[in-house]
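# Understanding the architecture of this molecule
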Amino acid sequence: MPTLSKIKVAEGIFYVTIPEADVHILCGCPADSVKHLMKRGLIQSKERDGVNFETGPNAILLSDTHIQNGRFTNLSEFPILQIFYRQGRIIPGHPNNTGIKPVLIGSRRQVEAQMEYIYRGNYGLVSEEEITRTGVPVKTAKEMMRLKLKFAFGRIRRMDEYLDLVMLENQPQEIRNQVFIKRLRPNVFEISHGRQCVRVDLNTPEHAQALPSYVLGFHQIRRDYFAVLHSGEGDGWDINRPAMASILLFQGKVYLIDAGPNIMHSLNALGISVNEIAGIFHTHAHDDHFCGLPDIMRADHRIPYYATPLVRSSVMKKLAALSMMTEDEFQHYFDFHDLVADQWNDIDTLEVMPVFSPHPVETTVMFFRTLDRVGYRSYAHFADIASLKLLRGMITSDDDAPGISQELYDAVAQSYLTPVDLKKLDIGGGMIHGDAEDFAEDKSAKIVLAHTEQPLTIRQKEIGSGAPFGAVDVLIPSHQDYIRSSAFHSLSSYFPNVPSSRLRVLLNNPVMKFNPESIIFKAGRKTDCVYLLLTGQVEMIQSRKHVFSTLSSGAMLGEVSALTDKPCAETYRAANFVQALRIPMDLYCVFVKNNGLFDRMIRQLDIRSFLYTNRLFGDAMSCTRQNAIAAATTTRLYAKDTVIGRSGTPRLGLIKSGAVDLLIGDRCIERLKAGDFFCETTVLYDIPCMFKALALKDTELYEIPAATLADVPIIRWKLQEVHEARLDKAVSFEAASDPLAWQEEYGTGIAVIDHEHRELFGKAKFLYNSLFAEVSTSQIGELFQALQATISAHYQTEETLMRANDYPGLAAHAACHRRILASFLNINANYDAWKMISRQDVGVFIKDHVMLHILTEDRKLGFFLKDCGLA
């Protein structure tokens, strides 16, 4: 009897194997999924015909929801690399290269997004035109492209050349060898072989923590004047250490160099909260340096992002594909600062010089320096680099052939050996990583070897040092108390109209330190002080109401209890090493009253308490940000059966009490209760809610102006996750009796666009229904042609309007049009070739491309055109 087995590997990761069918499925691929498989022994080293290789999955099942609990769930880059190279399935002559392609399984929308994300992860920018658009001279762009083609073995390839794609909807689909998969409901799948089947649920609980394959413990870090904190020395395969990364401590501020998988786990171990990050320096877009960016986007302010325009363009194209967002939207999450390559860039007296590094994707190594009493002190971060031996093999004098010029090779070799006080470098070896031998004669004062999963060899130990997680190299010691400076800054932000001399009354109190997992305040007990959180993170827990939030620097603990003289409603618990300013309760209350703040703060307590315990506003929010939101919030009561208007000032609706149905036509998309929210598109896109909101009973709302929330990254990111889930429900064919019926909620407000959309819906519906009827193939072909003509003509109408009105999103919107039309032409071509097509394929196209495009991009366009005076 065939054996079908399922193993839960980690949160959101399962491994399903059917050995008789040679099908091994990685179900779910969040960060470090391959490391988890290795840790559990599900990937093993083998030898066949004298060739060493690894076992592992040959199929990957994607999550239907690409963001869960704020983190990406579909990071298939490293699992696919493991299949291709470590298993040997695309290596010429390898015993595992049988010509059978690995399989990528998921909804069409998720699969297509992953294909673009992997494509950008492999190649970065893919043409000289894309490179020159970042400001690189034409001659240099040509040389960069020649080098890229050499790494790519002469040709940029789309990933469907290497992968079989299984587009999964609600009908059973064969994976291979009589192994079938069926979606039972969103993110719940049934995998069967013969009479055996297993169920896989990729939905993760709301507060589930995605733990890495390694344990880091807790570290207490001193904030020095200029120091390098080592936060990762491994690579993307090292199951015991985080991937190569560093943290710069400069004048008490925290700067990240790269953001790899599970970055928040590393920061938590180091006692650093996301709101303490002063900026991120980014070297390149490979996942082990990239996929932690969403965690950096979960701050209450836009964190500065430092990279050359070349690297930034490569990174943002990959991030856009992975997040299914446009590149322009990331300006709401990061404060972009472009660095000039090969020059020193001054960032508040910390100088940084990025230097081009030959690599398959756009990459720079980073040099940092700052003045000391005896001159400059310097640090160099070399991730990723290629070995000089590899680069020598690429040298060619043919200016048109893939490879590298002697001139560029010489410049790279010279930059490698630039002496600094501390140099950390990639020695991962192989096709795209460095070699310690290249630095054997390096005159730097100290070299740290990193980016390897292997223990250092005897020879490597002669060349450079190691650096355990949490180790610090101090380049310039501090003679100042940066923690108290941080406290003064937080108090100044929280009380902006109070003179600094009065703030020092609060500042003249002790800074307390709490060990990880210590309870600071316990629910049900009165406090005798207020704590201003300065470093680390604090968990706020109220299990009875399912409240679990993580507070970052700038949060005020126990303030409500102090001002109301009531017991704490929540328990506060140190998540790591925490430092906090302890302000006696009596002193704090007198300070608030003497400065005329008491009445206003009491009025806002009800709103602030609600916000603190709400899933949208509870995490990583400083008191300053909470106060700004609370001050802008109003309350309004809606009677039962009232349709809550979408006109007026754009605002987010947060239900204080009552219930609301979100409707499209007469179909309920979601029923909301107290604590839920709607009108998220007013914040994300500055367009009204696409749903009709109906009060089911008397309902009181907190209404928050969209402008107040628009540039709060963590709120936008959470709203984006909810918006994606609601979109999927809105376009679901299974939940609607007539999914292609036109609804007024689809309208853009522009008559010509809405007229053509109705026509498009009508022809799409006729084609879709004809596939169930006894219609001749010639008639079906004619319907395809008619729909194609309608789509093409409509796109011309929209693009004409965009050009005539200088629409800023023209390029991205037109690119969407080209992708949709190409997808439709592919479906049409398949029908012409085989004279058959499934109703499901057409339905998926209509849902994922036509309907979603209208509900998102076309509605944005419509409201822009209305502001231009069109109707």
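As a starting point, this report considers the structure included with it.

Quick notes on the rules
- Residues numbered from 1 in each chain as written.
- Predicted model: local features only at pLDDT ≥ 70, side-chain atom pairs only at ≥ 80, totals over all residues.
- Heavy atoms only, no water.
- Salt bridge = Lys/Arg side-chain N within 4 Å of Asp/Glu carboxyl O.
- Helix = DSSP H or I, 4+ residues; strand = E, 2+ residues; numbered from the N terminus.
- Pairing = 2+ DSSP bridges.
- Axes fitted to C-alpha atoms, helices over the stretch in contact; angles between N-to-C directions.
- Expected span 1.5 Å × (residues − 1).
- Buried < 20%, exposed > 50% of the residue type's maximum accessible area, 1.4 Å probe, protein only.
- Contact = heavy atoms within 4.5 Å.
- Arc of directions from axis to C-beta.
- Parallel < 35°, antiparallel > 145°, perpendicular 65-115°, else oblique.
- Nonpolar A, V, L, I, M, F, W, Y, C, P; charged D, E, K, R; others polar.
- Core = buried A, V, L, I, M, F, W, Y, C linked by side-chain atoms within 4.5 Å.

## What to know about the pattern of salt bridges
In the structure shown here, the tally under the stated rule is 48 salt bridges. The partner of D738 in a salt bridge is K765, with the nearest N and O atoms 2.8 Å apart. Of this pair, D738 sits in the loop between α21 (713–730) and α22 (751–770) while K765 sits in helix α22, placing them 27 residues apart in sequence. Connected via shared salt-bridge partners are E116, R120, E130 and R158.

## Quick notes on the pairing of strand β40 (residues 667–672)
Residues in a regular strand point their side chains to alternate faces of the sheet. In this sheet, β40 lies alongside strand β39 (residues 660–664) in antiparallel orientation, the contact comprising five bridges. What sits directly across from D661, in β40, is R671. In this structure, the hairpin formed by β39 and β40 is closed by a connection of two residues, where G665 is found at a positive phi of approximately 65°.

## Notes on the sheet that holds strand β29 (residues 519–521)
What the four strands build is an open sheet, ordered β29-β34-β31-β32; its pairing is antiparallel. Among the strands making up the open sheet, the edge pair consists of β29 and β32 (547–551). Taking each pair of neighbouring strands and ignoring which way they run, the sheet shows an average axis angle of 30°. Inspection of the sheet shows strand β31 (residues 538–542) paired to β32 by five bridges, in the antiparallel sense. Looking at the pairing, I541 lines up with F548 of β32.

## Observations regarding helix α25 (residues 839–867)
If you check α25, its first and last C-alpha atoms are 39 Å apart, about what 29 residues at 1.5 Å a residue would give, namely 42 Å. Extensive coverage of α25 is indicated by the burial of 25 of its 29 residues. Of the residues flanking the end of α25, it is G869, one or two places downstream, whose phi is positive at about 100°.

## Observations regarding the side chain of R667
Locating R667 in the fold gives a position in strand β40. In contact with R667, other than residues within four places in its own chain, are L662, K729, A730, S732, A735 and A736.

## Let's talk about the sheet that holds strand β17 (residues 253–257)
Read across the open sheet, the seven strands follow the order β20-β19-β18-β17-β16-β15-β27; overall the sheet is mixed. Because the sheet does not close on itself, it has two edges, and the strands there are β20 (334–338) and β27 (472–476). This sheet shows a mean twist of 25° between the axes of neighbouring strands, independent of strand direction. The pairing of strand β15 (residues 226–232) with strand β16 (residues 245–250) spans six bridges and is classified as antiparallel. Counted as the bridge partner of H230 is S246 from β16.

## Quick look at helix α14 (residues 500–507)
Of the positions making up α14, those classed as buried are L503, L506 and L507. Each buried residue of α14 sits inside an arc of 100° when the element is viewed along its axis, so together they form one side. On its buried face, α14 sits against α13 (482–494), β35 (578–584) and α16 (585–594).

## Comments concerning the packing of α22 against α25
Taken N-terminus to C-terminus, the directions of α22 and α25 make an angle of 175°; their axes are 11 Å apart at the nearest point. Taken as axis vectors, α22 and α25 run roughly antiparallel relative to one another. Within the contact between the two elements, α22 uses I753, H757, L760, F761, A764, L767, Y768 and N769 and α25 uses R839, V842, G843, I846, V850, M851, I854, D858, L861 and L865. Of the residues contributing to the contact of α22 with α25, the split by class is 13 nonpolar, three polar and two charged.

## Section: the nonpolar core
The biggest cluster of nonpolar side chains holds 98 residues, and the ones touching the most others in it are I247, L319, F330, F334, F617 and I715. Beyond its immediate chain neighbours, meaning those up to four positions away, I715 contacts L616, F617, M621, I629 and L709.

What is shown is where atoms sit, not what they do.
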